[in-house]
Amino acid sequence: MPSPERPRVIVAGEYAFDFYEPAFAAGLERAGARVDRFVDQRFFGPGSLARRAHNRFVRGPGILFARLALLAQVARTRPDVVLAWRTPWLDVRTIEAARRLGARRVVTYNNDDPFGPDRDLPIWRAYRRSLPAVDVAYVYRSANVDEALAAGAPRARVLRSAFDPVVHRALPSEDPRLRALACDVAFVGHHENDGREESLVALARAGLDVRVSGPNWDAHASALRREGVTVTGPMLGQDYVAALQAAKVALVFLSARNRDTYTRRCFEIPAIETAMLAPRTRDLEALFCDGEEAVFYDDVADLVAKARALVGDDARRASIARGGRVRVERDGHDVNARAAQWLSDVLSIPERAARRPARTRG
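What this report covers is the structure whose coordinates are included nearby.

Cut-offs applied
- Residues numbered from 1 in each chain as written.
- Predicted model: local features only at pLDDT ≥ 70, side-chain atom pairs only at ≥ 80, totals over all residues.
- Heavy atoms only, no water.
- Helix = DSSP H or I, 4+ residues; strand = E, 2+ residues; numbered from the N terminus.
- Buried < 20%, exposed > 50% of the residue type's maximum accessible area, 1.4 Å probe, protein only.
- Patch = residues over 30% accessible without salt bridge, like charges linked within 9 Å, V, L, I, M, F, W, Y side chains within 5 Å.
- Areas by Shrake-Rupley, 256 points an atom, 1.4 Å probe, with all protein chains shown as cover.
- Salt bridge = Lys/Arg side-chain N within 4 Å of Asp/Glu carboxyl O.
- Pairing = 2+ DSSP bridges.
- Axes fitted to C-alpha atoms, helices over the stretch in contact; angles between N-to-C directions.
- Contact = heavy atoms within 4.5 Å.
- Disulfide = S-S within 2.5 Å.
- Phe/Tyr/Trp six-rings, centres within 6.5 Å; stacked < 30°, edge-to-face > 60°.
- Lys NZ or Arg CZ within 6 Å of the ring centre and 35° of its normal.

1. Re unusual backbone geometry
Working step 1: In this structure, the amide linkage connecting Gly 45 to the following residue, Pro 46, adopts the cis form with an omega of 5°.
Working step 2: If you trace the backbone, Pro 46 turns up in the loop between β2 (34-39) and α2 (48-57).
Working step 3: One non-glycine residue, Arg 86, lies in positive phi territory at about 55°.
Working step 4: Among the secondary structure elements, Arg 86 is positioned in the loop between β3 (81-85) and α4 (92-100).
Working step 5: What makes Arg 86 partly exposed here is its relative accessible area of 24%.

Have a look at this one:
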């Protein structure tokens, strides 16, 4: 049966953060798709402890309920695509049943690294077991493409993160948060034991006004404050935008646990029109022109030298910030363009024939 003019997509996932499934689903709707949102967390309660256990160990009664509910939704809507967004509970049997019930394609997406240092966690073992049954494994980083294929996925393709043009744009200059959060250098993101703490201390010791905001910094806040680094908690939405916009220079650190070579922040910072200072990687050198649209550093000493130079040169910093914004807009790194690109790609994939249940003896 041919797909309708407006393809139907089920986007299944946690829906815990606006910049993941909600933003992508809205982008798909702007691209012309009919989107059904399937929120798996409603089956994993009651209470946060039960949800954490389901999500961490991929065990519990809610897993079965989520599978059955997704199949019921597939049977009702017969979608062109089921997009499973970081859903390790979606197993081979459920994927094959979804096809028999009318799903034309079933694909997965993960922004974390199922093949890296955390590969032995239950969620990633479960995820990898499902790969032979999917039509495409969409992954975050290039290294994961060959790894997903080796794990049995018939196809694997990179789906990059993106900025949200509704959220990630400069606030009015009179916004009081900009004055309150003003600093030389800011990092807005999570703590990880990969050298980012030492980098922030080196910047502060060089005489720069440094702020860090994000989750998991509490245990390190006292030591950082003694070095002159301002530490605050997580910031989301417009507070996140304000924290980046208020800085003269916004830092990027790349997660070692996820083996990242770029990150979502690499698109959000330029979109907000703040000068970005990021580690040098091949990925980032392909995405931005060093010295014109972003600035890349090679080690801690280079980071400090380039941060000081940028903080002291208002005209160059403004030029880099403008160049970065033009580049991410021109190259379509916003979530609407990304969703449209993905929709065109996934609909070009031939439908896989539904497997019939194997006969059993006796």
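2. Considering a nonpolar patch on the surface
Working step 1: A contiguous nonpolar patch, built from Leu 64, Phe 65 and Leu 68 and spanning about 310 Å² of accessible area, is present on the exposed surface.
Working step 2: Residue position: Leu 64 is located in helix α3 (residues 61-77).

3. Here we look at the sheet that holds strand β8 (residues 210-213)
Working step 1: On the basis of which strands lie adjacent, the open sheet formed by six strands has the order β9-β8-β7-β10-β11-β12 and parallel pairing. Two strands bound the open sheet, and with one partner strand each, they are β9 (230-232) and β12 (295-297). On average, each strand axis in the sheet is tilted by 25° relative to the strand beside it, whichever way the strands run.
Working step 2: In this fold helix α8 (residues 196-205) packs onto β7 (183-188), β8 and β10 (247-251), with an angle of close to 155° to the strand it touches most, β8.
Working step 3: Of the strands in this sheet, β7, β10 and β11 (275-279) are in contact with helix α11 (residues 265-272), which crosses β11 at around 160°.

4. Overview of the state of the cysteines
Working step 1: Under the definition given, this model contains zero disulfides.
Working step 2: Note on Cys 183: no disulfide assigned, nearest cysteine sulfur contributed by Cys 266 at a separation of 18 Å.
Working step 3: Among the residues examined, Cys 183 registers a relative accessible area of 5% and is labelled buried.
Working step 4: Free of any disulfide, Cys 266 has its nearest neighbouring cysteine sulfur in Cys 289, separated by 15 Å.

5. Focus on the packing of aromatic side chains
Working step 1: According to the stated counting rule, one finds 15 aromatic pairs in the structure shown.
Working step 2: Summarising the aromatic geometry, the rings of Phe 19 and Tyr 20 are spaced 4.7 Å apart at their centres and angled 70° between planes, so their arrangement reads as edge-to-face.
Working step 3: An aromatic cluster is present here, built from Phe 24, Trp 85, Tyr 109, Tyr 138 and Trp 342 joined pairwise through their rings.
Working step 4: Just above the ring of Tyr 262 sits the side chain of Arg 160; from NZ or CZ to the centre is 4.7 Å.

Just distances and angles here, no functional claims.
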